[in-house]
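# Summary of structural features
Here are the chains, one letter per residue:
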Amino acid sequence: AQSVTQLGSHVSVSEGALVLLRCNYSSSVPPYLFWYVQYPNQGLQLLLKYTSAATLVKGINGFEAEFKKSETSFHLTKPSAHMSDAAEYFCAVSDESFQKLVFGTGTRLLVSP
Amino acid sequence: DTAVSQTPKYLVTQMGNDKSIKCEQNLGHDTMYWYKQDSKKFLKIMFSYNNKELIINETVPNRFSPKSPDKAHLNLHINSLELGDSAVYFCASSPMDRGNSPLHFGNGTRLTVT
């Protein structure tokens, strides 16, 4: 079955520093992969998705993610963190039937001044 | 505004009661979902409907009954509420029931069962 592992339940960075949120997936078929962001008391918003086109995917708010098949990874990065990036980030993979998304346990990004 | 909207935002009730959460999307999407987010923020799918037809029922207790009167609405009725039902319930929609189709989420309903 498809699954997603997000390493680190919390990641702390200083404003202006590089953001790196890790996601590894397990999939028996070529996966569709997603990153979502959840701000406090809100629903999830799509940041970006990988659907087998370019391996480097650019999303909203300056985020991007690189699909690495050899490492089964889809890490999320942003060159320079902003205070407004503080939120919960979820990686997700489509299941083998492609009918639903399986979410990781989330990583809380904390940004300090 | 185009969106997925769900009501109520907060729901506090006692064990044994029956409650409903409503969801509406005006995005023209064919597929709607209910997800449950527990206190550890883990998100798990409960149900999905495609054009009013049940597609996924993810071994949810039959106290939970979704109803889709039309493809723009998916309501969730919960009977005999239990303490363990306390969670945030998210409605979502997508253009189609395929895994490459991104989900659009509502803002959630925080259910507290006392």
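Let me begin by describing the structure that accompanies this report. Residues take numbers from 1 onward in each chain, read along the sequence in its written order. Here chains are named by letter from A upward and ligands by number from 1 upward, in the order in which they appear as written. For a predicted model such as this one, the threshold for reporting local features is a pLDDT of at least 70, and the threshold for listing and counting side-chain atom pairs is 80 or more; totals across whole chains, interfaces and linings nevertheless cover every residue. Side-chain numbers here rest on the full set of heavy atoms in the structure, without hydrogens or water.

### Description of the overall build of chain B
The numbering of helices and of strands both runs from the N terminus, where a helix is a DSSP run of H or I of at least 4 residues and a strand a run of E of at least 2. Looking only at helices and strands, chain B has 0 helices and 11 strands in total. Atoms counted for the radius of gyration: C-alpha only. Globule rule: 2.2 Å times the number of residues to the power 0.38. The globule rule puts the C-alpha radius of gyration for 114 residues at 13 Å, and the 13 Å found for chain B is close to it. When its C-alpha atoms are laid out on the principal axes, chain B stretches across 35 × 30 × 25 Å. Per-residue accessibility, obtained with a 1.4 Å probe over protein chains only, is compared with the maximum for each type, and a residue is labelled buried under 20%, exposed over 50%, and partly exposed between these values. By the burial criterion, 45% of the 114 residues in chain B qualify as buried. In this analysis, two residues are considered to be in contact whenever any of their non-hydrogen atoms come within 4.5 Å of each other. A fraction of 54% describes how many contacts in chain B between residues 6 or more apart in sequence connect residues 24 or more apart. Taken as a whole, chain B presents about 5600 Å² of accessible surface, with 49% of it coming from carbon and sulfur. Across chain B, the mean location of the 13 positive side-chain charges is 5 Å away from that of the 11 negative side-chain charges. What sets the accessible areas is the Shrake-Rupley method with a 1.4 Å probe; for residues, cover comes only from the shown protein chains. By the counting rule applied here, Lys and Arg register as positive and Asp and Glu as negative, while His and the ends of each chain are not counted. The location of each charge is read from NZ of Lys, CZ of Arg, CG of Asp or CD of Glu.

### A word on the pairing of strand β9 (residues 73-78) of chain A
Residues and elements named next belong to chain A. Most of β9 is tucked away, with 5 of its 6 residues classed as buried. Paired strands are those between which DSSP finds at least two bridges. With 3 bridges joining them, strand β3 (residues 19-21) and β9 adopt antiparallel strand pairing. Residue pairing across strands places Val19 opposite Lys78, the latter belonging to β9. Here strand β8 (residues 64-68) pairs with β9 via 5 bridges, running antiparallel.

### Here we look at the nonpolar core
Trp35, Phe74, Leu76 and Tyr89 of chain A are the most contacted members of the largest nonpolar core, which has 27 residues in total. Among the elements that line this core, the one with the most residues is strand β10 (residues 87-94) of chain A, at 4 residues. Contact partners of Phe74 of chain A, with chain neighbours within four places excluded, come to Cys23, Leu33, Phe34, Trp35, Leu48, Tyr50, Val57, Ala65, Glu66 and Phe67 of chain A. As used here, the term nonpolar core means buried Ala, Val, Leu, Ile, Met, Phe, Trp, Tyr and Cys residues forming a set that is joined through side-chain atoms within 4.5 Å. Judged by nonpolar contacts, the second largest core, of 20 residues, contains Ile21, Met32, Trp34 and Leu81 of chain B.

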